[in-house]
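So the chains spell out like this:
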Amino acid sequence: MRNFYLHIYQKQQEMQDMPSNKRIASWAMGVIHLLFPERAALGFPNVEAVQHAFEEAEAELLELLLKTKACSHCDNHRVSKEFFMDLPKIYETMHTDAQAIMNGDPAARSLREVIRTYPGFMAICVYRMAHQLWKAGIPLIPRILTEYAHSKTGIDIHPGARIGEYLYIDHGTGLVIGETCIIGDHVKLYQGVTLGALSVEKSMTDTQRHPIIEDHVIIYAGATILGGKTVIGHHSVIGGNVWLTSSIEPYTTVYHQPNSKFVYAEGDS
């Protein structure tokens, strides 16, 4: 047992400077609350106070990076500075996502409602931030962020996925978007959709394993689309529970055809 205790102690020593997942997630949600006061009105007295809040968030990101041993090889000062330089563009893209939900969901009464209450919007916002850090080569933290969103919303978006503007996620529970997935603009995804790999062999780590979804595609609940060579052409509609492992041309509609027949006894309705 002594060797076991020693092993655990040594691991603790290695990880003692690693910020907790909770603190990393708290930083991200703090930035989202700054961007969208609809989610948490912070009551700034003037524009200088807003600027100071963002500067503090930048300093906190730098601190998180400096304390993360896996980031020891990164140019942490450059990454934190460039992240916040790029934040206005990220913010604009987040707004397109909110607008897509507002335009596409008859139940949405206002952008304020979408921003404050829709789990799909929250998951997209966290992904957008995580993806920016992923592109900068930051290890671990992007996955911590998207897994936090996954735990809160049931929506699993890998930070390495490349997603265009105006992403519409309706409901979203059970949605999975894999690491090498490429999604165009104005795409609609419903709950239970899987954009996954056809094979999960470790040797495929650096290859295109997940599908390409072109612009203006709608994928309904429970559909599964697999494979790095699978391309869903623009303006296509994929029906619920469809299983696809091959490409389809633009403007194609694909429906699931059940093989079973339902028989109702007399008196059933």
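See the structure printed just above.
Residues numbered from 1 in each chain as written. Predicted model: local features only at pLDDT ≥ 70, side-chain atom pairs only at ≥ 80, totals over all residues. Heavy atoms only, no water.

**Student:** Can you explain the overall build of the protein? Please cite residues and give values.
**Tutor:** Assigned secondary structure in the protein consists of seven helices and 14 strands. Taking the principal axes of the C-alpha coordinates as reference, the protein spans close to 65 × 55 × 40 Å. Taken over 269 residues, the protein has a buried fraction of 43%. In the protein, once contacts between residues fewer than 6 apart in sequence are set aside, the share between residues at least 24 apart is 46%. (Helix = DSSP H or I, 4+ residues; strand = E, 2+ residues; numbered from the N terminus. Buried < 20%, exposed > 50% of the residue type's maximum accessible area, 1.4 Å probe, protein only. Contact = heavy atoms within 4.5 Å.)

**Student:** Could you give an account of helix H7 (residues 141-153), with specific residues and numbers?
**Tutor:** Along its 13 residues, H7 runs 18 Å from first to last C-alpha, staying within 8% of the 18 Å computed at 1.5 Å per residue. Three or more residues of H7 are buried, namely Ile141, Pro142, Ile144, Leu145, Thr146, Ala149 and Thr153. Buried residues along H7 sit in contact with helix H2 (21-35), helix H3 (47-67), helix H6 (119-135) and strand E1 (156-157). Positive phi shows up at glycine 154, right after H7, with a value of about 80 degrees. (Expected span 1.5 Å × (residues − 1).)

**Student:** Quick rundown of the sheet that holds strand E3 (residues 168-170)? Include the residues and the values.
**Tutor:** Strand order in the open sheet formed by five strands is E3-E6-E9-E12-E14, and the pairing between neighbours is parallel. Each edge of the open sheet carries a strand with a single partner, namely E3 and strand E14 (253-254). For strand E12 (residues 237-238) and E14, the ladder comprises two bridges, and the chain directions are parallel. Counterpart to isoleucine 238 in the pairing with E14 is valine 254. (Pairing = 2+ DSSP bridges.)

**Student:** Which residues make up the packing of H2 against helix H4 (residues 76-104), and what values do they have?
**Tutor:** With their axes 11 Å apart at the nearest point, H2 and H4 run at an angle of 65 degrees to one another. The handedness of the crossing between H2 and H4 is right-handed. In this structure, H2 uses Trp27, Val31 and Leu35 to contact H4, whose residues at the interface are Phe83, Phe84, Leu87, Tyr91 and Met94. Split by residue class, the contact of H2 with H4 holds eight nonpolar, no polar and no charged. (Axes fitted to C-alpha atoms, helices over the stretch in contact; angles between N-to-C directions. Left-handed = near helix turned anticlockwise from the far one by under 90°. Nonpolar A, V, L, I, M, F, W, Y, C, P; charged D, E, K, R; others polar.)

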